[in-house]
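Take a look at the letters that make up each chain.
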Amino acid sequence: MLDAKLVVENPEPILRALARRGPAAAASLDGIQPVVARRRTLLRQTEDRRAQLKTASKNLGAFRDKASPEFAALREKLRADGDEIKALEAQLAEVEAELERQLLRVPNLPHESVPEGADSAANRVERVWGEPRSFDFEPQAHWDLGVKLGIVDFERAAKLAGPRFAVLLGAGARLERALIQFMLDVHVREHGYTEMMPPYLVNRSAMTGTGQLPKFEEDLFHVEPQDLFLVPTAEVPVTNFHADEVIEGPLPVKYVAFTPCFRAEAGSYGKDVRGLVRQHQFHKVELVKFAEPERSFEELESLTRDAEEILRRLELPYRVVTLCAGDLGFSATKTYDLEVWLPSQRTYREISSCSNFGDFQARRAKIRYRPGKGEKPRLVHTLNGSGLAVGRTWLALLENHQQADGSVRIPKALQPYFGGEVLAR
RNA sequence: GGAGAGAUGGCCGAGUGGUCGAAGGCGCCCGCUUGCUAAGCGGGUGUACGCCCAAAAGGUGUACCGUGGGUUCAAAUCCCACUCUCUCCGCCA
């Protein structure tokens, strides 16, 4: 959520920044100004009248003769005043709710370092690591390779759940588990993150805090009887872990959480229908940071490096791109995508998304910190990034490290976790 | 699922209709004192949103004692509903 005060006092730069995302984003600010103005007059009026009533009421309490007609008359007047104030308060509450409703649908402002552009074609490549391997045989797509190896089954998954689900079997399941363990160990032991296992179901308030609600409800799986949602990413429970709090300790606070992720992906049918790239359920190891505002962009750099480290150790060629303004997610002010090379598609595909959200989520979720002893709390900056999406790592590893005989080489760093050097039939 | 207890400031904890933003303590900050990192003394110490002020400092108003509603001129305090926490019983991976 943007700072309502800024929106009112200095709307031009905000409007300009939103316009970089596209016309719809800029339009989301329409109609907010008059609501803010109305709120201000109503608030002042209500508070003034309430102040009057309070003093009058105190005087009444001090009245000597509580049986006198003067007492009764004054009491009657105050009762009427009270009713009027209540009416004002009701109006005010309505206006404030309206303001909140509108503000919650305005996306974050793209940071100045974010490139112009409408879609992913305008994303800026920052760096490239590793080199796409040249094969002396025709590399197979993971859905062919995986099925032949007997480590993934899409058909039976469809039978028991539906499309966009997969069953991992044998060494495939073990590979998934090895990747999770490996990622967690690197981030905990070497990068200093605290491991967290959060709930996989969260309420509306948490989903609103990080920005999935109210705008993107159709992308979520809703669990009826309790009005809960399956988490689309660990970002939601982990960021909201500190909602409504003042963090007293030193920043940054860093968490890493492994969770399943559930995405309804409404409207995405027809895209990436084959294989493991786009599933309703997948595993992800997520990095989350709470940082000082002045340092949050440095923290974004180091968080991105932390995620990159996993790809390097798995010997997977990748590149880092900065999302352009038009491609940026709703809550983010700046995002680096890590894209891994996929031989079957001869292209780089997103495997991690590392974002700085500035104070956008912190304002929604009321997450603050104390800069120093006795100082006033300030909003933190929140960040997160996949470190990494496990399913996509699984498939990238299969495709990149496949061998002519249909087996898969396990990179050295993963061997102790996987328990072997080769994955073969 | 059944029975009971509770929810107050960073923490502990008092407060059953007005003088309560809320005693007291802890913690923290500032100052003084003290011949060693401790103790003592004095003062200060919530958040949000308005308004005044060129701004800061400061002043001032309103709200907030789990949440929402009600009674009353007036609610932390009375009434109703809900949520959460704890204890016991049942069930359960």
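A.B. asks: How would you sum up the environment of R409? Please name residues and give values.
C.D. replies: Relative to the elements of secondary structure, R409 occurs in strand β17 (residues 408–409). Relative accessible area serves as the criterion here: at 32%, R409 is assigned to the partly exposed category. With 55 residues separating them in the primary sequence, R409 and C354 have C-alpha atoms 28 Å apart. For R409, the contacting residues outside a window of four places in its chain are E315, L397, H401, Q403 and E421. Polar side-chain contacts of R409 include one of 3.1 Å to the side chain of E315.

A.B. asks: Hey, could you go over helix α13 (residues 390–400) for me, with residue numbers and the actual values?
C.D. replies: Across the 11 residues of α13, 11 count as buried, placing the element largely inside the fold. Within α13, the full set of buried residues consists of V390, G391, R392, T393, W394, L395, A396, L397, L398, E399 and N400.

A.B. asks: Explain the pairing of strand β9 (residues 253–262) residue by residue, including any values.
C.D. replies: Side-chain direction in a regular strand flips from residue to residue, so the side chains alternate between the two faces of the sheet. The element β9 is extensively covered by neighbouring structure, given that 9 of its 10 residues are classed as buried. Taken together, the 3 bridges between strand β4 (residues 194–196) and β9 define a ladder with parallel strand orientation. In the strand pairing of β9, M196 is matched with A257.

A.B. asks: An account of the sheet that holds strand β12 (residues 334–342) is requested, with residue identities and associated values reported.
C.D. replies: Read across the open sheet, the 8 strands follow the order β1-β11-β12-β13-β16-β10-β9-β4; overall the sheet is mixed. Across the chains shown, the open sheet's two edge strands, defined by having one partner strand only, are β1 (124–129) and β4. Averaged over all adjacent pairs, the angle separating strand axes in this sheet is 25°, with direction ignored. As judged from the 5 bridges shared by strand β11 (residues 318–322) and β12, these two strands associate in the antiparallel manner. Residue pairing in the sheet places R319 in a bridge with E339 of β12.

About the thresholds
- Residues numbered from 1 in each chain as written.
- Chains lettered and ligands numbered in written order.
- Predicted model: local features only at pLDDT ≥ 70, side-chain atom pairs only at ≥ 80, totals over all residues.
- Heavy atoms only, no water.
- Helix = DSSP H or I, 4+ residues; strand = E, 2+ residues; numbered from the N terminus.
- Buried < 20%, exposed > 50% of the residue type's maximum accessible area, 1.4 Å probe, protein only.
- Contact = heavy atoms within 4.5 Å.
- Polar contact = N/O pair within 3.5 Å; in protein donor to acceptor, adjacent residues only side chain to side chain.
- Pairing = 2+ DSSP bridges.
- Axes fitted to C-alpha atoms, helices over the stretch in contact; angles between N-to-C directions.

Function cannot be read off these values alone, since they describe shape.
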